[in-house]
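Structural characterization, general
Listed here are the chains, written in short residue letters.
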Amino acid sequence: MFSPVANQTMINEALTAGAASFLLKPFDMTSLCELLKSLLETDEGASRIGEVALVSSSSPINKENILRDIARLVAVPSIEGEPEEGAPFGKEPKKALELGLEIAEELGLGTRNCENYIGYAELPGENEEKYIATVTHLDVVPVGEGWTKSPFEMWEKDGYIIGRGVMDDKGPSVVCLYALKYLKDKNKRHRITISIIT
């Protein structure tokens, strides 16, 4: 969920009501390191960024469930269409947003749909006014040539998953949701709210 950071970075500090109205503010490296350390402390035994969290095979956080949910999103041909009432980017992007939020709710996460422009899943923290977030998207570009199977039906080949949006950005969106579920299941309230904005 986190990537290496150099110098200053921007994090989401305040997410307010309304469609896509969030504020990015500078965040210094010392504060970021303290924040990451507090997040890592929620996982017993984690001592450095990049460690793999061990998850029981009976947990809903497993490969099969993650792949199932990526496939569910890939099946929605969420190419931008004509705007219409309640669907500012067209019918299919709206369906993808609604399905993404449905998956988040199935994982026990709180969600909010901001007039079908954006939506988010969140794990409330002690200070609900401060946020750290990943920003993802569930729309895809139009289908080009060269597909040997339907681009909106995910399949596996040689250990890879293939389908429109598996890397940009439906797959990463689902992985972020499952990472948030993992943190939720640790039953420790974090200092700040953690969100997945899509």
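For the structure itself, consult the block above.
Notes on the structure follow.

What follows is about the sheet that holds strand β5 (residues 127-135). The pairing of strands in a sheet happens through backbone hydrogen bonds and is either parallel or antiparallel. Within the open sheet, the four strands sit side by side as β3-β4-β8-β5. Their pairing is mixed. Only two strands of the sheet have a single neighbouring strand rather than two, namely β3 (110-114) and β5. Sheet twist, expressed as the average angle between the axes of neighbouring strands with direction ignored, equals 30°. As judged from the four bridges shared by strand β4 (residues 118-123) and strand β8 (residues 192-197), these two strands associate in the antiparallel manner. Looking at β8, one finds that A121 is bridged to I196.

It is worth spelling out the nonpolar core at this point. The biggest cluster of nonpolar side chains holds 29 residues, and the ones touching the most others in it are I70, L109, L177 and L180. The element contributing the most residues to this core is helix α4 (residues 170-185), with seven residues. Other than its neighbours up to four places away in sequence, L177 contacts G100, I103, A104, L107, L109, A121 and I196.

We now examine the pattern of salt bridges. Tallied over the full model, the rule gives eight salt bridges. Ionic pairing is found between D69 and R68, a salt bridge with its closest N-O pair at 3.1 Å. The class for D69 is buried, based on a relative accessible area of 1%. Classification of R68 by relative accessible area gives partly exposed; the value is 41%. We note a salt bridge from E128 to R189, for which the minimum N-O separation is 3.0 Å. Of the two residues, E128 is situated in strand β5 and R189 in the loop between α4 and β8; the sequence distance between them amounts to 61 residues. When its relative accessible area of 43% is taken as the criterion, E128 is described as partly exposed.

Another aspect to go through is the packing of helix α2 (residues 63-74) against helix α3 (residues 91-106). Where α2 meets α3, the axes come as close as 10 Å, and the angle between the chain directions of the two elements is 160°. In this view, α2 runs roughly antiparallel relative to α3, as classed from their interaxial angle. α2 and α3 meet at a crossing whose hand is right-handed. Contacts from D69, R72 and L73 of α2 reach α3 at A96, L99, G100, E102, I103 and E106. The residue inventory of the contact of α2 with α3, partitioned by class, reads four nonpolar, one polar and four charged.

Its place among the elements puts N65 in helix α2. Residue classification places N65 among the buried residues on the basis of a relative accessible area of 18%. Dropping the residues within four chain positions of it, N65 is found in contact with P60 and Y178.

Our next topic: α4. For α4, built from 16 residues, the straight-helix expectation of 22 Å at 1.5 Å per residue is met to within 8% by its first-to-last C-alpha distance of 23 Å. Buried residues of α4: K170, G171, S173, V174, C176, L177, Y178, L180, K181, Y182 and L183, and no others. Considering only its buried residues, α4 is in contact with α2, α3, β4, β5 and β8. N187, located one to two residues past α4, shows a positive phi value of around 55°.

Criteria and thresholds
- Residues numbered from 1 in each chain as written.
- Predicted model: local features only at pLDDT ≥ 70, side-chain atom pairs only at ≥ 80, totals over all residues.
- Heavy atoms only, no water.
- Pairing = 2+ DSSP bridges.
- Helix = DSSP H or I, 4+ residues; strand = E, 2+ residues; numbered from the N terminus.
- Axes fitted to C-alpha atoms, helices over the stretch in contact; angles between N-to-C directions.
- Core = buried A, V, L, I, M, F, W, Y, C linked by side-chain atoms within 4.5 Å.
- Buried < 20%, exposed > 50% of the residue type's maximum accessible area, 1.4 Å probe, protein only.
- Contact = heavy atoms within 4.5 Å.
- Salt bridge = Lys/Arg side-chain N within 4 Å of Asp/Glu carboxyl O.
- Parallel < 35°, antiparallel > 145°, perpendicular 65-115°, else oblique.
- Left-handed = near helix turned anticlockwise from the far one by under 90°.
- Nonpolar A, V, L, I, M, F, W, Y, C, P; charged D, E, K, R; others polar.
- Expected span 1.5 Å × (residues − 1).

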